[in-house]
Amino acid sequence: MQLVHGGDWAGYRAEYGHDALDFSANVSPLGLPEGVAQAITESLKTADRYPDPLCRALREKLTAAEGVPAEQILCGNGAADLIFRLVWAVKPHQALLPAPTFAEYAAALETAGCKVKRYYISEQRDFAVDDGYVDAIVPGMDMVFLCQPNNPTGQLAGPELVRKIFTRCREVGALLVVDECFLDFLPEGESLSAKPLLAEGGGLVILKAFTKLYGMAGVRLGYCLCGDRVLLDRMAAAGQPWAVSGLAQAAGIAALDETEYVAAVRNLIEAERPKMTAGLRALGLRVVEGRANYLLFRADETLGETLREKGVVLRSCGNYPGLDGSWYRTAVRTAAENERLLKILGEVLG
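Residues numbered from 1 in each chain as written. Predicted model: local features only at pLDDT ≥ 70, side-chain atom pairs only at ≥ 80, totals over all residues. Heavy atoms only, no water.

## With respect to the pairing of strand β8 (residues 222-226)
Across the five residues that make up β8, a large majority, five, are buried. Taken together, the four bridges between strand β2 (residues 73-76) and β8 define a ladder with antiparallel strand orientation. Bridge pairing in β8 links L74 to C224. Across five bridges, strand β7 (residues 204-209) lies against β8 in antiparallel orientation. When the bridges of β8 are listed, V205 appears paired with C226. (Buried < 20%, exposed > 50% of the residue type's maximum accessible area, 1.4 Å probe, protein only. Helix = DSSP H or I, 4+ residues; strand = E, 2+ residues; numbered from the N terminus. Pairing = 2+ DSSP bridges.)

Shown next, in the form of structure tokens:
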């Protein structure tokens, strides 16, 4: 099976017999919050029971955290699960994606036989989505995706542009899907969210996840926000009934109390991203000025394999439409890990 994501630590371990310094996955560098670990352990007492299929307690906690009614929230086995459920529920005939962007959108759309059209973002504009994306939304489009910040570029469309995209989608009858899984890494993320548009009726789905910010990639927990109750019901029916385990629900409830942890992660990323950017540029590398907890940069196509043999893994972006094998994405991790990566890069690049 060809893996299209980073974070394949098991594959590296199988090949080399030890773990790598992994910069290929964009999860919190601070690990699983202690309160979440304790909640998972405590929930083992009820692991013999079926989980709540409606995630009632978790949705109630999310209502307070997001300021969105519980009936507008659907939980799933990570954001990827919800992407597939959405596509299977709607069965779009034609969808629009920026390129490059997260691979899971196209993967899900293709399982439903949907025609995927791509709007290629200009490298000269540092891969920033612009008004041209609005113009590319034409009659016949059923679904439009927007990743905020975009993966792997780290670029963010401002609220005015998001509103333009949303308005254009409503004009042509397309559903707008805004992926905000990385937005919570930004201290000002709440002010940049598309959530205010939920009050304007249907036509919008916002994807979110605990995976990245809380270091819960192995737990598998995501959720979406949508004002269309009928659509959420169809999404719920598009997969198996127990999408979220009892352990994951307990983890999510506990994670929402981890405000100090979230502040620490945000502060770390805000401090380390500029240092990483400067360090990569000092090595003569082309770096995109991103806003997320990862950076996109360009180097020789052999760099990834060279680093892999030295125990470091980056995300090669050669399988992203709109990029080639000379582009890499690196996570922003702790100061010590980032310094180690830059040191090894300096040795390799000479």
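## Re the layout of surface pockets
Its boundaries defined by the atoms lining it, the second largest pocket holds a volume of some 390 Å³. Forming the boundary of the second largest pocket are 22 residues, of which A65, D184, Y214, L256 and R266 lie nearest the centre. Where the lining of the second largest pocket is concerned, the elements lending two or more residues are α3 (56-66), α8 (189-192), β7 and α11 (259-282). Among the elements that make up the lining of the second largest pocket, the one with the highest residue count is α11 (four residues). (1 Å grid on protein atoms, 1.4 Å probe; cavity = no way out; pocket = protein on both sides within 12 Å on 5 of 7 lines; lining within 4 Å. Points joined across faces, edges and corners; volume = space filled by probe spheres on them.)

## Some details on the packing of α11 against helix α13 (residues 335-349)
Contact geometry for α11 and α13: axes closest at 10 Å, N-to-C directions at 5°. Relative to α13, the element α11 lies roughly parallel. For the pair α11 and α13, the contacting residues are E272, K275, M276, G279 and L280 in the first and A335, N338, L341, L342 and L345 in the second. Its residues assigned to classes, the contact of α11 with α13 shows six nonpolar, two polar and two charged. (Axes fitted to C-alpha atoms, helices over the stretch in contact; angles between N-to-C directions. Parallel < 35°, antiparallel > 145°, perpendicular 65-115°, else oblique. Contact = heavy atoms within 4.5 Å. Nonpolar A, V, L, I, M, F, W, Y, C, P; charged D, E, K, R; others polar.)

## Some thoughts on the environment of A174
Topologically, A174 is positioned in the loop between α7 (159-172) and β6 (175-179). Sequence spacing of A174 and L96 is 78 residues, and the spatial spacing of their C-alpha atoms is 9.6 Å. Excluding residues that lie within four positions of it along the chain, A174 makes contacts with M141, D142, M143, V144, C169 and G203.

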